[in-house]
Structure formats: structure tokens, C-alpha cells
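# A look at the structure
Below are the chains, spelled out letter by letter.
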Amino acid sequence: MAILAGLAGGGIFSALIAVITTALEAKIDELKKGHSNVAESDHTLILGWNDRVTEIIRELITANESERDACVVILSEQPKEEMDDFLEMRMPDRGTTRIVTRTGVVSSLLNLGTVSMSTCKSVIVLGNCTDASSPADRTASDTRAIKTLLGVMATKPADSEIVVVAEVYEARNREIVNNITKGEVITFD
């Protein structure tokens, strides 16, 4: 009887360990995908991803040298693991700046809440094309930037002032952006 009880106890203990291991692996996989909430404040938020992101982050790292614990949060539709690998290869030395990446739609109010949009100090909205792109691609990029800015303005607390920089190509779309933000945004080419 004692031998059977010992074997049954060993089997139950093994099953319990398997359940705990499976749950932990699932949680780690979820965290790797970049869908969890960001617990930051006074951070710089970059919405989008393009070939200029490394130069922008380098400038932010330089600007943050005097701060003890600065943070840059990036929300993009790129997979989190790809963004992390790309940034690790190109920017191994980040000084006092931490870079946090998350995957999601940049114009989604839910995703903007995930990256603590309401507590950030500045927002950079990147276009998803280049200067050499076709006019149709540039217009589509501007449309995406305008949708993102609408989400930013809807998520921003009424009593806060956030510096917003948006990459907008067409002059008429810059006017739309200025109307949306009531002049609170800086646009660049």
C-alpha cells in the first residue's frame, strides 16, 4: 500500500510540475510577443517604424545622457522580437536610455493605452514610406499619420501638454494635422 501511495504521489507531483511549467512557458511567450502593458511615465513614445528609427533613437540617447533613467517606448506593427533584434544589432550601447518595444496598431486606442500614452512626455509619429516613394504611398502614409494623431489626441488627458512630432509629406495634410492638434504638433518632412 505504501509503495502504491508513493507512486501515485510521484505521478501527481510530476503532473503538477508539468502544469506549472506549461503555464510559465505560455506567459513567457506572451511577454515575448509584446502585448503587455508598459509601466512607464515621462517617456518618449515612437509610433510606427521606418528606416529613420535608428537615427531618431540615437538622437534621443544623446539627449537623454543627462537623465539617470530615460525610456523610449516604440509601438509598431513589426513583431517585437524583430524590433528588439534590429535595435540590439545597431545600437548595443544605449547609455542611460532603455528601449521598450511593443507590437500593435499605432492608431488603436487600446494599443495607445498599452504603451502608456497618457503619461508620456512626447510622441513621435513616423510615416511608413520614404521620400522616394510614390505619391500614392506618401498619401497613404499621411492618412495613417492623421489616424494615429486622432488616436493620440483622443487618448491624451485634457490637462496635459505633450509634444507631438509627426512625419507628414503633403502640405495640405500638414494643415489637417494642425487643425486636429490645434497647433500642438510639429510636423517634419
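Residues numbered from 1 in each chain as written. Predicted model: local features only at pLDDT ≥ 70, side-chain atom pairs only at ≥ 80, totals over all residues. Heavy atoms only, no water.

A few words on the pattern of salt bridges. Considering all chains together, one arrives at eight salt bridges under this definition. Residues participating in the shared-partner salt-bridge network are Glu-40, Asp-69 and Arg-98. (Salt bridge = Lys/Arg side-chain N within 4 Å of Asp/Glu carboxyl O.)

Turning next to the packing of helix α2 (residues 53–63) against helix α3 (residues 80–90). At a closest axis distance of 11 Å, the pairing of α2 and α3 adopts a crossing angle of 60 degrees. When the axis of α2 is compared with that of α3, the two are oblique. Two packed elements cross with a definite hand, and for α2 against α3 that hand is right-handed. In this structure, α2 uses Val-53, Thr-54, Ile-57 and Arg-58 to contact α3, whose residues at the interface are Phe-86, Leu-87 and Arg-90. Among the residues forming the contact of α2 with α3, the class breakdown is four nonpolar, one polar and two charged. (Axes fitted to C-alpha atoms, helices over the stretch in contact; angles between N-to-C directions. Helix = DSSP H or I, 4+ residues; strand = E, 2+ residues; numbered from the N terminus. Parallel < 35°, antiparallel > 145°, perpendicular 65-115°, else oblique. Left-handed = near helix turned anticlockwise from the far one by under 90°. Contact = heavy atoms within 4.5 Å. Nonpolar A, V, L, I, M, F, W, Y, C, P; charged D, E, K, R; others polar.)

The next subject is the pairing of strand β1 (residues 44–47). Every second residue of β1 is oriented toward a common face, with Thr-44 and Ile-46 on one face and Leu-45 and Leu-47 on the other, all of them buried. Relative to strand β2 (residues 70–76), β1 is paired through four bridges, and the arrangement is parallel. The residue bridging Thr-44 from the neighbouring strand is Val-72, located in β2. For the crossover that starts at β1, traverses α2 and ends in the parallel β2, the hand is right-handed. Sheet analysis places β1 next to strand β4 (residues 122–125), joined by four bridges and oriented parallel. Bridging across to β4, Leu-45 finds its partner in Val-123. (Buried < 20%, exposed > 50% of the residue type's maximum accessible area, 1.4 Å probe, protein only. Pairing = 2+ DSSP bridges. Right-handed = clockwise from strand over helix to strand, strands pointing away.)

Attention now goes to α3. The set of residues buried in α3 consists of Lys-80, Met-83 and Leu-87. Looking straight down α3, one finds that the buried residues subtend no more than 65 degrees of arc, so they occupy a single side. Away from the buried face of α3 by more than 90 degrees, exposed residues Asp-85 and Met-89 are located. Here the buried face of α3 lies against α1 (2–33), α2, β2 and β3 (97–103). (Arc of directions from axis to C-beta.)

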